[in-house]
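Examining the three-dimensional arrangement
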Amino acid sequence: MTAYDVIVLAGGAAKRLGGADKPGLRVGGRALLDRVLSACADAAVTVVVGGRRATARPVVWTREVPEGGGPLAALGAGLRMTTAERVLVLSADLPFLGRGTVEALLAAAGEPGREGALCTDPDGRDQPLVAAYRAEPLRRELALIATEHGSLAGLPLRLLTAELDLARIDAGPDASFDCDTWDDIAAARARIREHGAVLDEWITSVKNELGIDLDVDTALLLDLARDAAHGVARPAAPLTTFLVGYAAARASAGAGPDEAAAVVAEAARKATDLALRWEAEAQASGGEAAGAGSSGGGTADGTAGGAGRDAGREGTGTP
């Protein structure tokens, strides 16, 4: 990944939300701002323009002048804190922004002759706050606009984007989905609970809550839980996955994310094999017991008729 800085605009009055603290509103148990920060975790410098608050990872804070001066003023304030050749610019209310979109924007912004790249929404409208810009032309145009208008306060973003040669990225409906109203918040909260998305959303939220930076094979762990529940007992599923995690943590202490993920996979494989051996033994024992019952004298050790013969000897006095 090419080095880049990121500016997240987290100010604004949120009038359509009744003045609520929009960056702090939670979707899937995580603040909107934290969800955006997780999509650009590898940025060299992360600048958040807005009021200070607790965040999931360290950031640099600044404010636009004057406060409430609008997105161009906020962008100008944030840009002064960056040094990278490319700058990712995001609003703080993008609950479904992903790493794939970030990478696509940065790659497009690096194309020869381009001065940046931005996302377009499903209706084809530009989204200048889901974008990546080359820093030099961005500084140039902001300076020209400030000179022409006296300041950047209160000016629309289209004054900037109209002057830059920007690539357009169609990243699908989710990447540019922003939360301006309570209906948007409700729709975002409902969307993450849809079948096919809820598990990934939950795992991501748990990892963020626990401070875990680890890509794990969730399908492998789910198969382990299924095999433990089916081959041993239902409560074995959560207990086994916990023990796998504990064992992996001990074995991978000091290792990087890739090595740790491999340790988790190996621990899960061993536990799965054990669960399958338990299941095989249970099935074999069940078959032997059924065979013994039909012959009238099977024993647990597979010796058919042993008890009957011993009983016969006792009845006749045979030693």
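Residues numbered from 1 in each chain as written. Predicted model: local features only at pLDDT ≥ 70, side-chain atom pairs only at ≥ 80, totals over all residues. Heavy atoms only, no water.

1. A short note on the overall build of the protein chain
For the protein chain, the count of helices and strands is 12 helices and nine strands. Looking at the protein chain residue by residue over its 319 residues, the buried ones come to 39%. If you sum the accessible surface of the protein chain, you get close to 17100 Å²; carbon and sulfur atoms cover 55% of it. (Helix = DSSP H or I, 4+ residues; strand = E, 2+ residues; numbered from the N terminus. Buried < 20%, exposed > 50% of the residue type's maximum accessible area, 1.4 Å probe, protein only. Areas by Shrake-Rupley, 256 points an atom, 1.4 Å probe, with all protein chains shown as cover.)

2. What about the sheet that holds strand E8 (residues 126-134)?
Strand order in the open sheet formed by seven strands is E5-E4-E1-E6-E8-E7-E9, with mixed pairing between adjacent strands. Edge positions in the open sheet fall to strand E5 (60-62) and strand E9 (166-170), since each of these has one partner strand only. Along the sheet, successive strands turn relative to each other by an average axial angle of 25 degrees, direction set aside. In this sheet, strand E4 (residues 46-49) lies alongside strand E1 (residues 5-9) in parallel orientation, the contact comprising four bridges. Considered in E4, the bridge of Val8 is made with Val48. Strand contacts of helix H2 (residues 71-79): E1, E4, E5 and strand E6 (86-91), with the helix running at about 145 degrees to E1, the strand carrying the most contacts. Most of the contacts of helix H3 (residues 99-109) go to strand E7 (residues 116-120), to which it runs at about 140 degrees, and overall it touches E6, E7, E8 and E9. (Pairing = 2+ DSSP bridges. Axes fitted to C-alpha atoms, helices over the stretch in contact; angles between N-to-C directions. Contact = heavy atoms within 4.5 Å.)

3. Things to note about the layout of surface pockets
Size it by volume and the largest pocket reaches roughly 960 Å³. Forming the walls of the largest pocket are 32 residues, and the residues nearest its centre are Ser38, Thr204, Lys207, Asn208 and Asp213. Looking at the lining of the largest pocket, the element that brings in the most residues is helix H8 (residues 198-210), giving six residues. For the lining of the largest pocket, the class distribution of residues is 14 nonpolar, seven polar and 11 charged. (1 Å grid on protein atoms, 1.4 Å probe; cavity = no way out; pocket = protein on both sides within 12 Å on 5 of 7 lines; lining within 4 Å. Points joined across faces, edges and corners; volume = space filled by probe spheres on them. Nonpolar A, V, L, I, M, F, W, Y, C, P; charged D, E, K, R; others polar.)

4. Looking at the confidence of the model for the protein chain
With 88% of its residues at a pLDDT of at least 70, the protein chain reaches an overall mean of 84. For residues 297-319, every residue scores under 50 in pLDDT, and the model assigns this stretch 15 contacts once sequence neighbours within four places are set aside. (pLDDT = per-residue confidence, 0-100.)

5. Describing unusual backbone geometry
Peptide bonds are, in most cases, trans, and in most cases residues other than glycine have a negative phi. Here the residue pair Val65 and Pro66 is connected by a cis peptide bond, since its omega of -5 degrees sits within 30 degrees of zero. Note that Pro66 resides in the loop between E5 and H2.

6. What about helix H7 (residues 182-191)?
What H7 keeps buried is the set Asp184, Ile185 and Ala188. Taken around the axis of H7, the buried residues stretch over an arc of 100 degrees, which confines them to a single face. For H7, the secondary structure elements touched by its buried residues are strand E2 (26-27) and helix H1 (32-39). (Arc of directions from axis to C-beta.)

7. Here's the deal with the nonpolar core
Judged by nonpolar contacts, the single largest core of 29 residues is most densely connected at Leu88 and Leu90. Residue assignment for this core shows that the elements contributing at least two residues are E1, H1, E6, H3, E7, E8 and E9. Counting residues per element, this core draws most heavily on H3, at five residues. If you look at the next biggest cluster of nonpolar residues, it comprises 25 residues, including Leu118, Tyr133, Leu138 and Leu155. (Core = buried A, V, L, I, M, F, W, Y, C linked by side-chain atoms within 4.5 Å.)

8. Concerning the pattern of salt bridges
According to the stated counting rule, one finds 21 salt bridges in the structure shown. Taking the shortest distance from any N to any O, the salt bridge between Arg140 and Glu141 comes out at 3.0 Å. Among the ionic pairs, Arg269 bridges to Asp273, the shortest N-O distance being 2.9 Å. With Arg269 and Asp273 both in helix H11 (residues 257-295) and four residues apart, this pair spans about one turn of that helix. (Salt bridge = Lys/Arg side-chain N within 4 Å of Asp/Glu carboxyl O.)

9. Thoughts on the environment of Pro122
Position of Pro122 among the secondary structure elements: in the loop between E7 and E8. When the C-alpha atoms of Pro122 and Phe177 are compared, they prove to be 9.6 Å apart, with 55 residues separating the residues in sequence. Contacts of Pro122, omitting those with residues within four sequence positions, involve Pro173 and Ser176.

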